[in-house]
Amino acid sequence: MEVGRLPLSASQRGKLISAGYTTLASLSSLSPSHLARDLRIPESEAFEILRVASLGCRLEQPDKRTAIVNGGQTAWEILNEEKLYPRITTSCADLDNILGGGINCKEVTEIGGVPGIGKTQLGIQLAVNVQIPADYGGLDGKAVYIDTEGSFMVERALQIAEASVLDMSQYNELLRKESRACQIKIQPTDILEKIYYFRICSYTEQIALINYLDKFISEHKDVKIVVIDSVTFHFRQDFEDLALRTRLLGGMALKLMNLGKKYNLAVVIFNQVTTKCTEGSFQLSLALGDSWSHSCTNRVILYWNGDERNAYIDKSPSLRSASASFSVTSKGIRNSASNHKRIKLM
Amino acid sequence: MKPEKLLEHPLATHKLTLGCPVLDRCLGGGIPCNSVTELVAESSCGKTQFCLQLALFAQLPPSHGGLSASSLYLHTEFPFPFRRLHQLAHSFSSSHRNLIAPDPCEDVYVHAVHDAHQLLDIMPHIESFLASSKTRLPVRLIVIDSIAALFRGEFDNTPLDLKRRSSLFFKISGKLKLLAKTFGLAVVVTNQVVDFMGAIEGINGLRVGNLSSLHSSGRRVCPALGLAWSNCVNSRFFLSRNEEIVRRENNGSEDNLCRQTKRRLDVVFAPHLPQSSCEFVITKQGVFGVDR
C-alpha cells in the first residue's frame, strides 16, 4: 500500500486508508478542502498530508529527477541541505569550534571518557540546547534521552535549563538595544517537558527501545536529538558469546544511523573507557571493542589534562583531529575558566 | 514503551538525610534515591559509621529528611557491628522519640554475604523480599558494606580473571540499579582503597573524578576494584583521615606534639553535585560534619 509508506502519523494514515485513499495517484489531483471534508480533519492538516504525498510522489518517479535510486541525492544537494540545518551547540565555544560548530544532525557521534569527566553533563546540556528557538540560532527541537545507567538527575537538568533560559534572556537584552526583539517566553519547566526520558534497565529493553524509536519519532517529528547515556553499561554485564554482542551492537548502530538520516536528527552515544590488554601491556581505550569503533560517524574522547577537562576528536570524516578544553560549571558545560583568563590577558 | 514525564518526577530527587545538616548541605540534601552511591575509604575512616547512621535515619518521615523506611544491610565484613548500631540507635531514638518506633534496630534487616556469586544468588530473594512488603516499614535503603570484600579471594590478576571479575561488577551493578529504579531505593555501597603504585602509572594513576589524586593517612591511594567498577556507580564519595599536628607543647625538656585526626568527605563524582568537601568527626552519637 503506497499510502502506508508515507511518513505520516499512524492516525492520519489510518484515516486515509479507511476513506479509500490507498495510492499516491488517488491523492494527486485532490484539493486540500476536499480531503479535509473526506477525512474530517482541519484543512491545514489536509494540506500537510498532500504536501507529504506529493513529495513521496516525486520520489516514486525517478525519471523526473537525476537520482539513480529512489531517494538518492547528489553530493551538491546534500551539501546545500546540510547548510540549511544549524548544529546543536554544546554551550562551550571551544568545543563547538573543534566540532565544526556543534553536534551535526544526520550523524552518529560517540563520546567516551572516564567516570566523572562530564559525559552525563554534556548529554543533559545537549538535550537542553536542542530546544533553543530558531530566533537564537537553535533547532527548536525536542530530545529523546535514553538513560541506561540511572545518572540522569532531574534537578541537574532543571539547573542547566534555568541557566540556558537566563542566557537567552541576556542575549535578548543585548539585541533589544538595536532592535525590538520578542520577549523570551520559555520556562525552564517547558524545557524539561520537551525531553522524552526513557530509563532502561537491561540490554533487551535497550534493543527493544531502539527498535521502537523509529515509530516513536515518526509520531514526534520535532525530536532532533537522541542521547544514549550510555550504550555500554548493559552490554558489559553478561556476554559469554562476544560474537552475538558484536552482532547486536552492529544492528543497533545501523538502526541509529538510519534514524539519524531518515528524520534528520543527531544521535549522540556515550561510551565508557576500559583497559585493553594487548600483548601483556594494558592500554586505555573505549569499551565494546574494535568492530564497534566503526559504527559511529564521529568519535570524541574526553580526558583529563592536568586539572582541565579536554575533548579530542578521535575520528571524523570531515573534521580534523583537534582538542579543546571545556569545564563543567553549575550552569552546565562552558568554556574552560583558564581559557578566559588567557583571553583577558591578551 | 512510553517516555517518563520529567515534570511528574519530583523536581528534586528524593534524598536520604545523613543525619547532620552540615553533611547534607555538602551532598545536596543527602544520598539520592534511584541511584547507586559509593563511599570509598581506607579502613577506620568511618564508612561503616556512615552506613549505620543512614540505616537509622531512613526510618524518619520524609518531612525530617528520612524515607519512612526500613533498610537492608548486607555485610561482607565480619562481625557485624551490632554494639555500635545499638549505641547509635539509643541516642537516635532518644533524640527522635515521637517520630520512630521504640526500637529502631528492629527496622534494620541484616544479612551476611560471603562472595560475589552468593550476592547474585540472593538477588531474586532480595527482590521478592522488597516486593512482599512484609516489613513494618517498606525497605527503601540497601547497604552493601563492603563490595570490595566480595572480590577478595578467588580472582587472579590474569586478563581472563579480570575480565570475569568486571563482568560480575556490571551484573551486580545492573541488578542493584534495577532494584533502585523499581522500588525507589537508595543504594549505598562501600569500597576499600589500595595503595597507589607509582611503577604502573598510566592505568593505576588514571584520574577519575574531581580530585587528581586521593590521599589518606599520608599515603596516595586509589579505590579498589579498578576502572571497571568506577563505571558501575552513579556517585562516588571519598572519605579520608589524616593526622594533623594541632599544637606543640613544650614542657621542660620534652617536646610534645598534639596530634588530631582530621576526617574529610570529598565528592569525587556525582551527576548532580559540583566538587565539594566537608570535614567530619565521629562521636559516640554518630557522624557529624564540621561547619567551618
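Starting from 1, residues in each chain are numbered consecutively following that chain's sequence as written. All chains are assigned letters beginning at A, and all ligands numbers beginning at 1, according to the order in which they are written. Only residues with pLDDT of at least 70 get local features here, since the model is predicted, and only at 80 or more are side-chain atom pairs given and counted; chain-wide, interface and lining totals rely on the full set of residues. Side-chain calculation: all heavy atoms of the structure are included, whereas hydrogens and water are not.

An unreviewed UniProt entry lists chain B under the name RecA family profile 1 domain-containing protein, from Rubus argutus. UniProt positions are given in the numbering used here, feature names are shortened, and annotations may be inferred rather than shown by experiment. Recorded in UniProt for chain B, the comment headed Subcellular location (unreviewed entry) runs: "Nucleus".

Under an unreviewed UniProt entry, the name given to chain A is DNA repair protein RAD51 homolog 3, and the organism recorded is Rubus argutus.

Caption draft 1: Just the overall build of chain B, in detail. Only DSSP runs of H or I with at least four residues qualify as helices, and only runs of E with at least two residues qualify as strands; both kinds are numbered from the N terminus onward. Of regular secondary structure, chain B possesses 6 helices and 14 strands. Against the globule reference of 19 Å for 292 residues, chain B gives a C-alpha radius of gyration of 20 Å, in line with a compact fold. Seen along its three principal axes, the alpha-carbon backbone of chain B occupies a region of about 70 × 55 × 40 Å. Here the term buried applies to any residue with accessible area under 20% of the maximum for its type, exposed to any over 50%, and partly exposed to those in between, with areas from a 1.4 Å probe on protein chains only. Here chain B holds 292 residues, and the buried ones make up 53% of them. Every residue pair with non-hydrogen atoms within 4.5 Å of one another is taken to be in contact. At a minimum sequence separation of 6, the contacts of chain B that also span at least 24 residues come to 71%. To be clear on the numbers: accessible area is Shrake-Rupley with a 1.4 Å probe, and residue cover counts the displayed protein chains and nothing else. Here chain B displays about 13200 Å² of accessible surface, and carbon together with sulfur accounts for 52% of that area. The convention is simple: Lys and Arg are positive, Asp and Glu are negative, and His and the chain ends are not counted. The location of each charge is read from NZ of Lys, CZ of Arg, CG of Asp or CD of Glu. Mean positive and mean negative side-chain charge positions of chain B (32 and 26 charges, respectively) differ by 4 Å. The reference for a compact globule is 2.2 Å times residues^0.38; the radius of gyration itself is calculated from the C-alpha atoms.

Caption draft 2: Focus on unusual backbone geometry. Going from Phe78(B) to Pro79(B), the amide bond is cis rather than trans, its omega being -10°. Here the bond from Asp145(B) into Ser146(B) is cis, since omega is 0°, no more than 30 degrees from zero. Within the fold, Ser146(B) resides in the loop between β6 (139-145) and α5 (159-183). Of note, Ser91(A) is a non-glycine position whose phi angle comes to about 75°, a positive value. Locating Ser91(A) in the fold gives a position in the loop between α5 (75-84) and α6 (93-98). Judged by relative accessible area, which is 24%, Ser91(A) ranks as partly exposed. Despite not being glycine, Asn264(A) has its phi angle at roughly 55°, a positive value. Of note, Asn264(A) is situated in the loop between α11 (242-263) and β5 (266-271).

Caption draft 3: Inspection of the side chain of Arg334(A) at higher detail. You can see Arg334(A) is positioned in strand β11 (residues 332-335). When near neighbours in sequence (up to four residues on either side) are disregarded, Arg334(A) contacts Ser91(A), Cys92(A), Gln125(A), Ala163(A), Asp167(A), Phe326(A), Ser327(A) and Thr329(A).

Caption draft 4: Focus on helix α7 (residues 119-129) of chain A. Counting buried positions along α7(A) gives 11 out of 11 residues, so the element sits mostly inside the fold. Every buried residue belonging to α7(A) is among Lys119(A), Thr120(A), Gln121(A), Leu122(A), Gly123(A), Ile124(A), Gln125(A), Leu126(A), Ala127(A), Val128(A) and Asn129(A), and all of these are buried.

Caption draft 5: The arrangement of the sheet that holds strand β8 (residues 193-195) of chain B in detail. Residue and element names in this part refer to chain B. Two strands pair under a simple rule: DSSP has to find at least two bridges between them. Strand order across the open sheet formed by 3 strands is β8-β10-β9, with antiparallel pairing between neighbours. On the outer flanks of this sheet lie β8 and β9 (214-216), each paired with one strand and no other. Each adjacent strand pair in this sheet contributes to an overall mean axis angle of 55°, direction not counted. Pairing of β9 with strand β10 (residues 219-223), which is carried by 3 bridges, proceeds in the antiparallel orientation. Residue pairing for β10: Leu214 is matched across the bridge by Val221. All axes are obtained by fitting lines to C-alpha atoms, using only the stretch in contact for helices, and the reported angles, taken between N-to-C directions, cover 0 to 180 degrees.

Caption draft 6: Highlighting the pairing of β10(B). All names here are of chain B. Note that β8 and β10 share 3 bridges and pair antiparallel. From the neighbouring strand, Asp195 faces β10, where its bridge partner is Val221. Joining the antiparallel neighbours β9 and β10 is a turn of 2 residues, in which Ser217 adopts a positive phi near 50°.

Caption draft 7: Quick peek at the interface of chain A and chain B. Facing 44 residues of chain A, the contacting portion of chain B comprises 44 residues. Taken together, the two surfaces of chain A and chain B that pack against each other cover about 3800 Å², and 65% of this comes from carbon and sulfur. A per-residue breakdown of the area chain A buries against chain B is headed by Pro115(A), Met153(A) and Glu155(A), which together make up 16% of the total. Salt bridges, as used here, are contacts in which a Lys or Arg side-chain nitrogen is within 4 Å of a carboxyl oxygen on Asp or Glu. Joining chain A to chain B, the criterion identifies 2 salt bridges. N or O atoms closer than or at 3.5 Å make up a polar contact, with two conditions inside protein: a donor-capable atom paired with an acceptor-capable one, and, for residues adjacent in sequence, both atoms drawn from side chains. Where chain A packs against chain B, one counts 12 residue pairs in polar contact (both at pLDDT 80 or more). Broken down by secondary-structure element, the contributors of at least two residues to the side of chain A that touches chain B are α8 (154-176), α9 (188-193), β3 (195-199), α10 (203-219), β6 (273-278) and β7 (281-286) of chain A. Summed over both partners, the accessible surface that disappears when two parts come together, traced with a 1.4 Å probe, is what is meant by buried area.

Caption draft 8: Broad picture of the packing of α10(A) against α11(A). Residue and element names in this part refer to chain A. In the contact formed by α10 and α11, the axes pass within 11 Å of each other and the chain directions differ by 15°. Relative to α11, the element α10 is oriented roughly parallel. Of the two elements, α10 crosses α11, and the hand of that crossing is left-handed. Contacts between α10 and α11 involve Tyr203, Gln206, Ile207, Ile210, Asn211, Leu213, Asp214, Ile217 and Ser218 from the first element and Leu248, Met252, Lys255, Leu256, Leu259, Lys262 and Tyr263 from the second. Classifying every residue of the contact of α10 with α11 gives 10 nonpolar, 3 polar and 3 charged. Comment on the angle field: the value is read as roughly parallel under 35 degrees, roughly antiparallel over 145, roughly perpendicular from 65 to 115, and oblique elsewhere. In this scheme the handedness of a crossing depends on how the near helix is turned from the far one: anticlockwise by less than a right angle means left-handed, clockwise means right-handed. All amino acids are sorted into three groups, where Ala, Val, Leu, Ile, Met, Phe, Trp, Tyr, Cys and Pro are nonpolar, Asp, Glu, Lys and Arg are charged, and the leftover types, Gly among them, are polar.

Caption draft 9: Fine view of the UniProt feature "domain: RecA family profile" (unreviewed entry) in chain B. According to UniProt, the "domain: RecA family profile" (unreviewed entry) feature falls on residues 12-193 of chain B. With 40% helix and 19% strand, residues 12-193 of chain B has end C-alpha atoms that lie 32 Å from one another.

Caption draft 10: The nonpolar core, seen in detail. Residues and elements named next belong to chain B. Joining through side-chain atoms within 4.5 Å is the link that ties buried Ala, Val, Leu, Ile, Met, Phe, Trp, Tyr and Cys residues into a set, and such a set is a nonpolar core. Counting residues in each nonpolar core, the largest one holds 93 residues, and the members touching the most others are Leu119 and Phe151. Those residues within four positions of Phe151 in sequence are excluded, and the remaining contacts are Ala116, Arg165, Leu168, Phe169, Ile172 and Leu225. Counting 45 residues, the second-largest nonpolar core is a separate cluster that includes Phe80, Leu88, Ile100 and Cys105.

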